[in-house]
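An overview of the molecular structure
The residues making up each chain are set out below.
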Amino acid sequence: MNKNQLDEMQTQRKNNIGNQSFLLLMYMLMIDAGLYGFGFRWIDYPANIMIMVTICAGIYLIRLINSNAYVGPSTQNQRTVLRIMLTVGMTVAIAAGIVVLLKHTSFTNTTQLNEMSAPIMFITGAIALIVALVTLVIRRSQ
């Protein structure tokens, strides 16, 4: 067995939690479609789907971490600080590339995009840092 992979019990837990999260997402989408059919609109179209997917993904991730089925045990020490810095650098570069590409397209309002470029880059970098730190904490605890 490779020590960087999940063992059989962790894989079973991960699959079980994934199936339950998928069913939760399906039920949430069905309830939203039913409410939309009755004329109840709580948020406009793309945002409601993204909120439901984000909630289900968060529940999935929290349950995986809680059941120790997120990261397998590690046998070797890794340079986690270097890995975190590389991850943050890559995400900031990707966010900057996306902002530059969106500025040069003709279907976006450049004034509004200029106002949103700093928060987009900050949020992308912050999310990458949070994911890297959570993974570091999980690996340290296991």
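Keep in mind it's a predicted model, so treat the numbers as computed, not measured.

With that out of the way, let us pick up the overall build of the chain. Within the chain, the regular secondary structure consists of four helices and zero strands. Across the chain, helices and strands are ordered from the amino to the carboxyl terminus as α-α-α-α. A total of 142 residues make up the chain; the buried ones form 18% of that total. Contacts in the chain between residues at least 24 apart in sequence constitute 76% of all its contacts with a sequence separation of at least 6. On the chain, roughly 10500 Å² of surface is accessible, and the fraction owed to carbon and sulfur atoms is 67%.

A separate point is helix α1 (residues 8–37). For α1, built from 30 residues, the straight-helix expectation of 44 Å at 1.5 Å per residue is met to within 8% by its first-to-last C-alpha distance of 43 Å. Within α1, the full set of buried residues consists of Gln10, Ile17, Ser21, Leu25 and Asp32. The elements touched by buried residues of α1 are α2 (45–66). The positive-phi residue at the C-terminal boundary of α1 is Gly39, with phi of around 95°.

What follows deals with the side chain of Asp32. By secondary structure assignment, the location of Asp32 is in helix α1. Of the side chains with opposite charge, Arg41 lies nearest to the buried Asp32, which makes no salt bridge, at 9.1 Å. Among the polar contacts made by the side chain of Asp32, one reaches the side chain of Trp42 at a distance of 2.8 Å.

This part takes up the packing of α1 against α2. Between α1 and α2, whose axes approach to 10 Å, the crossing angle comes to 160°. Between α1 and α2, the angle is such that the two are roughly antiparallel. The way α1 lies across α2 gives a crossing that is right-handed. Contacts from Lys14, Ile17, Gly18, Gln20, Ser21, Leu24, Leu25, Met28, Leu29 and Asp32 in α1 reach Asn48, Ile49, Met52, Val53, Ile55, Cys56, Ile59, Tyr60, Arg63 and Leu64 in α2. Split into classes, the residues belonging to the contact of α1 with α2 amount to 13 nonpolar, four polar and three charged.

The rules behind the values
Residues numbered from 1 in each chain as written. Predicted model: local features only at pLDDT ≥ 70, side-chain atom pairs only at ≥ 80, totals over all residues. Heavy atoms only, no water. Helix = DSSP H or I, 4+ residues; strand = E, 2+ residues; numbered from the N terminus. Buried < 20%, exposed > 50% of the residue type's maximum accessible area, 1.4 Å probe, protein only. Contact = heavy atoms within 4.5 Å. Areas by Shrake-Rupley, 256 points an atom, 1.4 Å probe, with all protein chains shown as cover. Expected span 1.5 Å × (residues − 1). Lys, Arg positive; Asp, Glu negative; His and termini not counted. Salt bridge = Lys/Arg side-chain N within 4 Å of Asp/Glu carboxyl O. Polar contact = N/O pair within 3.5 Å; in protein donor to acceptor, adjacent residues only side chain to side chain. Axes fitted to C-alpha atoms, helices over the stretch in contact; angles between N-to-C directions. Parallel < 35°, antiparallel > 145°, perpendicular 65-115°, else oblique. Left-handed = near helix turned anticlockwise from the far one by under 90°. Nonpolar A, V, L, I, M, F, W, Y, C, P; charged D, E, K, R; others polar.

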